[in-house]
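The residues making up each chain are set out below.
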Amino acid sequence: MNRKLFVLLVILMSLSLIGIIFVQGLWIKKSVEDKEEQFRNTVEDVLAKVAERVERRELQEYSTKIAEAIDSAGVPKTTQIRNFFYVDRDISSDEMTFYSHGILEEDYDVSSLFFDNSGGNSDSTTITNFTSKRTRTVFKEDFGLDGQRYALTPIQKLEKIGGLSKIDKLAIEDVFLEAAKSQPIHKRVSKAELELLIGQELADRSIDINYEYGIYSRGFPTKVRSKKFKFSKTAMYKTPIFRDSDGETNFSLLLSFPEKKSFLISSILGMAVMSLLFTLVIVVAYSSAIYQLIKQKQISEIKSDFINNMTHEFKTPIATINLAVEAIRNPASIEDKDKVLRYLGMIRDENKRMHAQVENVLRISKLEKNQLDISKDRVDAHDIIMDAISHIELIVEDRGGYVKTNLEAARTDILANEMHFTNVLVNILDNAVKYSPESPKIDVFTEVVKNQIVIKIQDQGAGMNKTVQKRVFEKFYREHTGDIHNVKGHGLGLAYVKKIVDDHQGEVYVESEKGKGTAFFIKLPLI
């Protein structure tokens with residue numbers, strides 16, 4: 001995949017994911033705000049209903065007291081009747097309508113204890129009782145033959161005797177409200193009544209949450225409040241209570257909810273959790289997709305390097321074989337037996353070299369598919385180390401280097417496959433030779449740590465940085481040094497080492513510093 005296209009794809013996917021997360025966050029925030037708005041409207045309605053019920057109850061109590069006082073007073077002290085008349089004549093229907101409204105006023109002397117704070121020194125208080133009588137009579141005008149009116153015949157008459165009109169009632173209620181202002185607030189409403197009414201109104205609206213309440217007068221607390229109530233301008237809901245006829249009052253009923261935040265969050269918790277869960281799935285899927293893309297890109301690059309290296313590895317032996325074949329075909333050479341044998345030896349060696357490369361590839365493939373049969377026997381680790389050193393000893397000496405052994409492990413018996421484990425050590429030793437720019441200087445150590453033998457192979461070669469150390473055991477991975485062919489190989493040797501050591505229930509790791517050499521450690525359990 002083109003690098004620019006790959007980067008563009010990652011950027012677009014990242015922007016899409018960020019957009020989805022941002023939209024989810026906005027949705028959750030908007031849901032909380034909507035729930036809070038709905039909660040505020042509901043609580044304000046609850047407060048209004050509670051205040052209305054308390055005021056209505058107070059007026060009802062005053063009305064009941066007045067009725068009881070009038071009944072106990074007996075005969076009225078004074079009586080007065082006021083009548084109002086209105087006449088309406090309809091010429092088209094020859095009808096005349098008479099309206100009359102009479103108000104009976106009766107004054108009673110009642111005990112002054114009716115109002116607790118009536119003041120004054122008199123033993124009685126005068127209360128006026130009003131009774132309303134409303135009459136509507138319709139007359140039909142009858143005329144004789146000469147056109148003269150001679151009679152008024154009533155065709156409809158309605159009488160209503162009872163209470164006062166709304167205006168009259170409001171006037172009397174105003175008197176009651178003014179009288180109630182002189183009463184202490186704790187006598188006008190009790191904490192038990194407020195708790196009962198608030199609880200009922202909240203329950204009717206399916207709000208199950210702890211609350212605190214209080215009545216304040218001009219910003220100052222009164223006795224009517226719950227024990228844990230605390231005033232806060234930002235976390236309070238309030239409504240006026242005990243309003244007069246002008247709608248004004250000194251008192252406010254306040255309500256607070258200490259657990260409001262958790263209540264609102266819990267109301268959308270289900271949807272929020274599902275939203276976050278799906279977003280998390282998207283994030284995980286996105287991360288996995290990006291990781292796989294990067295991994296595939298790296299594998300593609302590594303495979304390209306591998307093909308280039310493998311091509312180079314095969315190109316040299318093939319060219320050598322071709323030259324040897326051509327030399328043998330030369331009539332001057334074919335008669336020379338020594339030359340022919342030397343050329344045949346070159347062909348055999350180069351063929352073995354190509355076969356070894358193919359075997360390495362097939363061996364890794366079988367290891368990954370668990371098709372490689374690795375039988376294990378009791379072997380001596382020191383014997384295998386010495387055998388592996390013998391494979392590279394001549395090459396080291398030819399380059400003017402050395403391999404020193406410091407085999408100090410007291411116990412050396414391990415359960416291993418002799419051939420594969422020898423190949424593991426040969427691969428590590430071969431890397432030490434190849435990555436030593438000057439004469440190879442290799443030291444091999446062994447020691448026993450707990451119930452394991454530790455094999456350390458130390459060189460003084462080029463070394464590697466931290467990034468390379470983390471990936472050195474990956475298949476096909478090779479450190480880029482500008483020219484990919486400056487050291488022959490195809491990134492399979494150490495991957496093979498890792499697979500074999502893991503199969504032996506062991507551990508392999510590397511310590512290195514650029515320019516100061518590398519140390520490979522192999523830990524294997526002892527028998």
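S.K.: Explanation requested: a nonpolar patch on the surface in the structure shown.
M.R.: A cluster of nonpolar residues, L5, V7, L8, I11, L12, L15 and I18, forms a patch on the protein surface that exposes about 650 Å² of accessible area. When you line up the elements, L15 lands in helix α1 (residues 3–73).

S.K.: Would you explain the pairing of strand β12 (residues 441–449) in this entry?
M.R.: The two faces of the sheet receive side chains in turn, since in a regular strand these alternate between them. Across 6 bridges, strand β10 (residues 402–407) lies against β12 in parallel orientation. Paired with L407 across the bridge in β12 is T446. Judged from the 8 bridges that link them, β12 and strand β13 (residues 452–459) form a sheet pairing that is antiparallel. Among the inter-strand pairings, D443 is bridged to a residue of β13, identified as Q458. The antiparallel hairpin formed by β12 and β13 contains 2 residues in its connecting segment, where K450 sits at a positive phi of about 55 degrees.

S.K.: Please explain the packing of aromatic side chains as it appears in this structure.
M.R.: The geometry of an aromatic ring pair comes down to the distance between the two centres and the angle between the two planes. Under the defined criterion, the tally for this structure stands at 8 aromatic pairs. With a centroid separation of 6.2 Å and 85 degrees between ring planes, the pair formed by F473 and F520 is classed as edge-to-face. Here F520 lies in strand β15 (residues 517–525) and F473 lies in the loop between α11 (466–471) and α12 (493–503), a separation of 47 residues in the sequence. The pair F473 / F520 is uniform in exposure class, with both members buried. Put simply, the rings of F39, Y237 and F257 touch in pairs and so form one group of aromatic residues. Over the face of the ring belonging to F242 we find R188, whose NZ or CZ atom lies 4.1 Å from the ring centre. Its end group placed over the ring of Y402, K404 keeps NZ or CZ at 4.6 Å from the ring centre.

S.K.: So what exactly am I meant to see when it comes to the sheet that holds strand β7 (residues 237–241) here?
M.R.: Adjacent strands of a sheet form backbone hydrogen bonds with each other and so pair up, either parallel or antiparallel. With antiparallel pairing, the 4 strands of this open sheet are ordered in space as β6-β5-β8-β7. The open sheet has two edge strands with one neighbour each: β6 (220–225) and β7. Neighbour to neighbour, the strand axes of the sheet diverge by 30 degrees on average, direction disregarded. Strand direction decides the pairing type here: β7 and strand β8 (residues 251–256), joined by 5 bridges, are antiparallel. Pairing of Y237 across the sheet is with L255, part of β8. Contacts from helix α4 (residues 191–204) reach β5 (212–217), β6 and β8 within the one sheet, and its direction differs from that of β5 by about 125 degrees.

S.K.: Explanation requested: the sheet that holds β15 in the structure shown.
M.R.: Strand order across the open sheet formed by 5 strands is β10-β12-β13-β15-β14, with mixed pairing between neighbours. Both edges of this open sheet fall to β10 and β14 (507–513), since each of them pairs with a single strand only. Between one strand and the next, the sheet's axes are offset by a mean angle of 15 degrees, whatever the strand orientation. Together, β10, β12 and β13 form the strand contacts of helix α9 (residues 381–398), whose direction differs from that of β10 by roughly 170 degrees. Packing against the sheet, α12 makes contact with β14 and β15, and its axis sits at approximately 140 degrees to β14.

S.K.: How do you make sense of the pairing of β13 when you look at a structure like this?
M.R.: Here 7 bridges tie β13 to β15, and the two strands are oriented antiparallel to one another. Across the sheet, the residue bridging to I455 is I522, located in β15.

S.K.: Could you clarify how one ought to interpret the packing of helix α10 (residues 418–434) against α12 in this entry?
M.R.: The axes of two packed helices give the description: the angle between them and the distance between them. Packing of α10 against α12 brings their axes to within 9 Å, and their N-to-C directions diverge by 145 degrees. Judged by the sense of rotation from one axis to the other, the crossing of α10 with α12 is left-handed. When α10 is examined against α12, the residues H420, N423, V424, N427, I428 and N431 are found in contact with a partner set consisting of G493, L494, Y496, V497, I500 and V501. Grouping the amino acids of the contact of α10 with α12 by side-chain chemistry returns 7 nonpolar, 5 polar and no charged.

S.K.: Can you walk me through the packing of α9 against α10 in this structure?
M.R.: It is at 9 Å that the axes of α9 and α10 come closest, and there the two elements cross at 35 degrees. Judged by the sense of rotation from one axis to the other, the crossing of α9 with α10 is right-handed. Contacts between α9 and α10 pair I384, I385, D387, A388, I389, H391, I392, I395 and V396 from the former with E418, F421, T422, L425, V426, L429 and V433 from the latter. In terms of residue class, the contact of α9 with α10 is made up of 12 nonpolar, 2 polar and 2 charged.

The rules behind these values
Residues numbered from 1 in each chain as written. Predicted model: local features only at pLDDT ≥ 70, side-chain atom pairs only at ≥ 80, totals over all residues. Heavy atoms only, no water. Patch = residues over 30% accessible without salt bridge, like charges linked within 9 Å, V, L, I, M, F, W, Y side chains within 5 Å. Areas by Shrake-Rupley, 256 points an atom, 1.4 Å probe, with all protein chains shown as cover. Salt bridge = Lys/Arg side-chain N within 4 Å of Asp/Glu carboxyl O. Helix = DSSP H or I, 4+ residues; strand = E, 2+ residues; numbered from the N terminus. Pairing = 2+ DSSP bridges. Phe/Tyr/Trp six-rings, centres within 6.5 Å; stacked < 30°, edge-to-face > 60°. Buried < 20%, exposed > 50% of the residue type's maximum accessible area, 1.4 Å probe, protein only. Lys NZ or Arg CZ within 6 Å of the ring centre and 35° of its normal. Axes fitted to C-alpha atoms, helices over the stretch in contact; angles between N-to-C directions. Contact = heavy atoms within 4.5 Å. Left-handed = near helix turned anticlockwise from the far one by under 90°. Nonpolar A, V, L, I, M, F, W, Y, C, P; charged D, E, K, R; others polar.

None of the figures reported here should be taken as evidence of function without further support.
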